[in-house]
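Architecture and fold: a report
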Amino acid sequence: MAPSNKYQTDASKVVLRNIIKSLSDLSYEPIEGSRIVRHGDYFCSICQTAQGCALGVAMVYDGLPVSTISNIYFETGIMQGFGKPVILFADKRKNLPSDYIRHYAIFYNSKDYLSKYKSLLEDIAKLPENVYECIGQFAFKAGDYEKAAKYYQEAFLINPKQETLLTLESIASALEQASGIPTAYKQRLLENIQYFCSRVKK
Amino acid sequence: MLASNHVLGGDTTMAKRDNKSGKLKGAVSKRIQVLNPVTKRYVKIDTERGRIVDHKRSPGPYKNVRKK
């Protein structure tokens, strides 16, 4: 989620290049918000892309038009709502909403911003094993297939392991055999899991 | 307060208090805690429903809750 080229400064271009390089080094495939292919409604494409991402990275700095800044915060809010970790790069503390300051904000005017960013990415990479898979496992046991699938999907997006995919398939088969679940809901959930599995296998 | 306790699973079996020493004995059942690597804070999970029920505000683990 970076501003389009016309609003970028020399400093922000360097930071953006470093962000993209670090993501590529960790085998993530960076997608720039301003270059998302527009199909149908633009907002719809943003949402679809955000749902399929492991994490979000946003950048704000002085000199950006208010409409662009509000757009960036709106998109980070959507990603947070989808349960994705969002890292926010900013030039000054005063440019940040208070909710972001504690964990996910990095000030790129400091010298060690790149090492902070890399360590935050490493922490995010631990989320599947430490948190997502654990909750997913209990949700699966409790018969909450929607939540279990959601957590395992998030875990797979951050750390694509074959085991996670196998668990997702076992959730799908358990859901198929489960009784007492409304048919339409069951069908929607099954399609969701099967679509996810088929897309990531490609 | 009562309503929110109920929503968060207030019917959990609490750790028992030892009559002699007055200290808590045993762990709270149906709950575990895991460390969120990003926030560095412990998260309490309801193992019966597979849901996050609480997120610690201060460093360190919850007392009398099993760690994963």
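Points about the pairing of strand β1 (residues 56-60) of chain A
Residue and element names in this part refer to chain A.
- Among the 5 residues that make up β1, 5 are buried, leaving the element largely enclosed by the rest of the structure.
- Residues G56, A58 and V60 of β1 are buried on one face, and the alternating residues V57 and M59, pointing to the opposite face, are buried as well.
- Taken together, the 5 bridges between β1 and strand β2 (residues 86-90) define a ladder with parallel strand orientation. Within the sheet, the bridge partner assigned to G56 lies in β2 and is V86.
- For the handedness criterion, the β-α-β arrangement of β1, helix α3 (residues 66-81) and β2 is classed as right-handed.

A short note on the confidence of the model for chain B
Residue and element names in this part refer to chain B.
- A residue-level look at chain B finds 76% of positions with pLDDT of 70 or above and a mean pLDDT of 78.
- Per-element confidence in chain B is highest for strand β4 (residues 41-46), whose mean pLDDT is 94, and lowest for helix α1 (residues 2-7), whose mean pLDDT is 44.
- Note on residues 1-9: pLDDT is under 50 here. Beyond four places in sequence and across chains, it has 4 contacts.
- Both scores are available for the predicted complex, with the pTM at 0.82 and the ipTM at 0.79.

Concerning the interface of chain A and chain B
- Counting from both sides, the interface comprises 18 residues of chain A and, opposite them, 14 residues of chain B.
- Sorting the residues of the side of chain A that touches chain B by element identifies α5 (113-141) and α6 (145-158) of chain A as the ones contributing at least two each.
- Broken down by element, the side of chain A that touches chain B gets its largest block of residues, 12 residues, from α5(A).
- Looking at the side of chain A that touches chain B residue by residue, the class counts come to 11 nonpolar, 2 polar and 5 charged.

Brief notes about helix α1 (residues 10-25) of chain A
Residues and elements named next belong to chain A.
- Here α1 spans 23 Å end to end across 16 residues, near enough to the 22 Å set by a 1.5 Å rise per residue.
- All of the buried residues along α1 are S12, V15 and I19. Taken down its axis, α1 places every buried residue within 60° of arc, on the same side. Those residues of α1 that are exposed and angled more than 90 degrees off the buried face are D10, K13, V14, R17, K21, S24 and D25.
- Next to the buried residues of α1 lie β1 and β2.
- Once α1 ends, the next one or two residues include S27, with phi positive near 65°.

Remarks on the packing of helix α7 (residues 162-177) of chain A against helix α8 (residues 183-201) of chain A
All names here are of chain A.
- Axis separation between α7 and α8 bottoms out at 10 Å; the angle between their running directions is 155°. In terms of orientation, α7 and α8 fall into the roughly antiparallel class. Seen from above, α7 lies across α8 with left-handed handedness. Along its contact with α7, which presents L165, L168, E169, I171, A172, L175 and E176, the element α8 presents K186, L189, L190, I193, Q194, C197 and V200.
- Counted by class, the contact of α7 with α8 contains 10 nonpolar, 1 polar and 3 charged residues.

Each value, and the rule that gives it
- Positions within a chain are numbered from 1, following the residues in the order the chain's sequence is written.
- Chain labels run from A onward and ligand labels from 1 onward, assigned in the order the entries are written.
- Given that this is a predicted model, residues contribute local features only at a pLDDT of at least 70 and side-chain atom pairs are listed and counted only at 80 or more, while totals for whole chains, interfaces and linings are drawn from all residues.
- Around each residue's C-beta, the other C-beta atoms within 10 Å are counted; 20 or more make the residue buried, 12 or fewer make it exposed, and counts in between make it partly exposed. All C-beta atoms are placed from the backbone.
- Secondary structure follows DSSP: runs of H or I at least 4 residues long count as helices, runs of E at least 2 residues long count as strands, and numbering of each begins at the N terminus.
- Should DSSP find at least two bridges between two strands, the strands are taken to pair.
- A clockwise course of the path from the first strand over the helix to the second, judged with the strands pointing away from the viewer, identifies a crossover as right-handed.
- What pLDDT reports is the predictor's confidence in each residue, on a scale of 0 through 100.
- Residue pairs are scored as contacts if the distance between their C-beta atoms, which are placed from the backbone, is within 7 Å.
- Nonpolar residues are Ala, Val, Leu, Ile, Met, Phe, Trp, Tyr, Cys and Pro. Charged residues are Asp, Glu, Lys and Arg, and all others, Gly as well, are polar.
- Take the number of residues in a helix, subtract one, and multiply by 1.5 Å to get its expected span.
- When we speak of the arc, we mean the arc of directions from the helix axis to the C-beta atoms.
- An axis is simply a line fitted to the C-alpha atoms; with a helix, the fit covers only the stretch in contact. Between two such axes, the angle follows the N-to-C directions and lies from 0 to 180 degrees.
- For classification purposes, angles smaller than 35 degrees are called roughly parallel, those larger than 145 roughly antiparallel, those between 65 and 115 roughly perpendicular, and all remaining angles oblique.
- Here a crossing is taken to be left-handed if its near helix is turned anticlockwise relative to the far helix by less than a right angle, and right-handed if that turn runs clockwise.

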